[in-house]
Structure formats: C-alpha cells, structure tokens
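Results of the structural survey
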Amino acid sequence: MQAQPTPNAQPQFPIQELEQIESAIQTSQRWIATLQGRRDVLTAELDRLTRPLPAPTRPLQQKTIGPGLEFHGVMTRHWNYIDIHIDLLRRLWTEFPDRREAMARAMGCYGTTRAYVAKSQAALFPGQSTAWAERYSRPLVPGWYVDTNLNRERMRRILPAAVAAAGLKWGEDVKTYWRATPVR
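In this convention, every chain numbers its residues from 1, walking through the sequence in written order. Given that this is a predicted model, residues contribute local features only at a pLDDT of at least 70 and side-chain atom pairs are listed and counted only at 80 or more, while totals for whole chains, interfaces and linings are drawn from all residues. By convention in this description, side-chain values take in all heavy atoms of the structure and omit both hydrogens and water.

Turning our attention to the sheet that holds strand 2 (residues 68–71). Strands qualify as paired when DSSP identifies two bridges or more between them. Where helices and strands are cited, they refer to DSSP runs of H or I of at least four residues and of E of at least two residues respectively, numbered from the N terminus. Pairing in this open sheet of three strands is antiparallel, and the strands run 3-2-7 from one edge to the other. Only two strands of the sheet have a single partner each, and these edge strands are strand 3 (74–77) and strand 7 (174–177). Neighbour-to-neighbour, the strand axes of this sheet turn through a mean angle of 15°, independent of strand direction. Bridging between strand 2 and strand 7 involves four bridges; their strand directions are antiparallel. When the bridges of strand 7 are listed, E70 appears paired with K175. The contact rule is simple, with two residues in contact once any of their heavy atoms fall within 4.5 Å. Every axis corresponds to a line fitted to the C-alpha atoms, with the helix fit spanning only the stretch in contact, and the corresponding angles, defined between N-to-C directions, vary from 0 to 180 degrees. Contacts from helix 2 (residues 81–95) reach strand 2, strand 3 and strand 7 within the one sheet, and its direction differs from that of strand 2 by about 20°.

Okay, structure coming up:
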C-alpha cells in the first residue's frame, strides 16, 4: 500500500543539489582567480617581448686632439713640441705687438742667462758664438728671434707667462696639448 501524503507534510527540498552548486561555484571562482593571475603574467611577458626597443643613445664620442695648441678656440696640430712653442709665441707676437716687451720680460723671468725671445740672436744667447745662436734660434716675427733649444718642461713654464703678459687666460684662451689627448 502506498503512503498517502499527509496534508501538512512539506515537499522534499533538494539540499544536496544546492550544496553541489555551491561547491561548483567556489571551485569555478578559484579557477577564475588562477586563470586571471596567469593571464596577467602572460600579458606582462607579451608586453615586454613586443615593447619597441628604446632608440639607442649615441655614446658621447670622444675625439683625440693634439699634439698642438688651441688659440681662441681654434685647434692647430703640430708634430713636435718646439713647433707648438713657436706657433703660440708667433700668434702672441702677431696679435699683441704692443705687449711684446712685456711678454719677453715675463718669459725671461724663468731663465738665468737666457732670454727665450730677443730682438737679436746675440741677445738671445749672450756669450755664445754666432754659429751657436744661428743653430738654436729661429725668426719669430720681423725683428724678433726665439730660442729653440728648450725641453717641454721649460716650455710649460714660460708659455703661460707669455700668455698672461698678453692679457689672455691660460687654459681658457690658450691651451696646449703636448700629446694626443682624448676630449669630449
């Protein structure tokens, strides 16, 4: 015989189905969170791989100057020290004729018996023979001679004195490069 539903009995609620649906939603949410994290990682990697390369910046080019001298921003190359020395003095003597005596005195302060520049070869090398004076001097400008029997260290002392006496600044208006020097 069949059981008759009682009029006050409530229909059976599918609780088991509700629990399965809740479990499926929680599992799906975990999978979505995992997939979103993996998507973010892959998107970042794709961005990195497809990002345009930055335009290569050109490294500061270094150029090599010298040996030679820079006079008022114009570089002149020379092969040996004495040519640097004579070229600088010739430029000073040409550009500042009214300061020639002052430049000669300033340079002469660095010698005991030598003048380094003088109005005659005999005055350039007092007590030396004419042959000696001709061998170790060159005409600087008309009426002036320069001593060529100098080493670089002596030139490095007397040239700044001549430049200062001309009213210029050593290292700004005039620079000497005794050897090849890299600059930017």
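A positive phi is found at H72, a non-glycine position, where the angle reads about 50°. Checked against the element boundaries, H72 lands in the loop between strand 2 and strand 3. Despite not being glycine, Y116 shows a phi value in the positive range, around 70°. Positionally, Y116 belongs in the loop between helix 3 (100–108) and strand 4 (117–118).

On to the pattern of salt bridges, then. Whenever Lys or Arg places a side-chain nitrogen within 4 Å of a carboxyl oxygen from Asp or Glu, that contact is recorded as a salt bridge. In this structure the tally under the stated criterion is seven salt bridges. Here D83 ties to R138 by a salt bridge, and the two come within 3.3 Å at their closest N and O atoms. Residue D83 is located in helix 2, and its partner R138 is located in strand 5 (residues 137–141); the two are separated by 55 residues in the primary sequence. Between buried and exposed lies partly exposed: a residue is buried under 20% and exposed over 50% of the maximum accessible area for its type, with that area taken using a 1.4 Å probe on protein chains only. Taking the relative accessible area as the measure of exposure, D83 reaches 25% and is therefore partly exposed. The partner of E101 in a salt bridge is K119, and the shortest N-O contact between them spans 2.7 Å. In this pair, E101 sits in helix 3 while K119 sits in the loop between strand 4 and helix 4 (121–124), placing the two residues 18 residues apart along the sequence. The exposed category is assigned to K119, whose relative accessible area is 52%. Shared partners join several salt bridges into a network, and the residues in it are R152, E153 and R156.

Axis separation between helix 2 and helix 6 (residues 152–165) bottoms out at 11 Å; the angle between their running directions is 10°. For the element pair helix 2 / helix 6, the angle class is roughly parallel. Between helix 2 and helix 6, the residues in contact are Y81, I82, H85, L88, L89 and L92 and R152, M155, I158, L159, A162 and V163, respectively. Just so you know the grouping, Ala, Val, Leu, Ile, Met, Phe, Trp, Tyr, Cys and Pro go in nonpolar, Asp, Glu, Lys and Arg go in charged, and all remaining residues, Gly too, go in polar. Split into classes, the residues belonging to the contact of helix 2 with helix 6 amount to 10 nonpolar, one polar and one charged. Our angle categories are set so that under 35 degrees counts as roughly parallel, over 145 as roughly antiparallel, 65 to 115 as roughly perpendicular, and the remainder as oblique.

Note: strand 5 against strand 6 (residues 144–147), four bridges, orientation antiparallel. Across the sheet, residue P139 finds its bridge partner in strand 6, namely Y145. Where strand 5 folds back onto strand 6 in an antiparallel hairpin, the turn is made up of two residues, including G143, whose phi is positive at roughly 90°.

Moving on to the pairing of strand 6. Here strand 4 pairs with strand 6 via two bridges, running antiparallel. For A118, the partnering residue across the bridge sits in strand 6 and is Y145.

The strand order 4-6-5 describes an open sheet built from three strands, whose pairing is antiparallel. At either margin of the open sheet sits one strand with a lone partner, and together these are strand 4 and strand 5. In the packing of helix 2 onto the sheet, the strands contacted are strand 4, strand 5 and strand 6, and the crossing angle to strand 5 comes to about 30°. Against the sheet, helix 3 touches strand 4, strand 5 and strand 6, its axis set at about 20° to strand 6.

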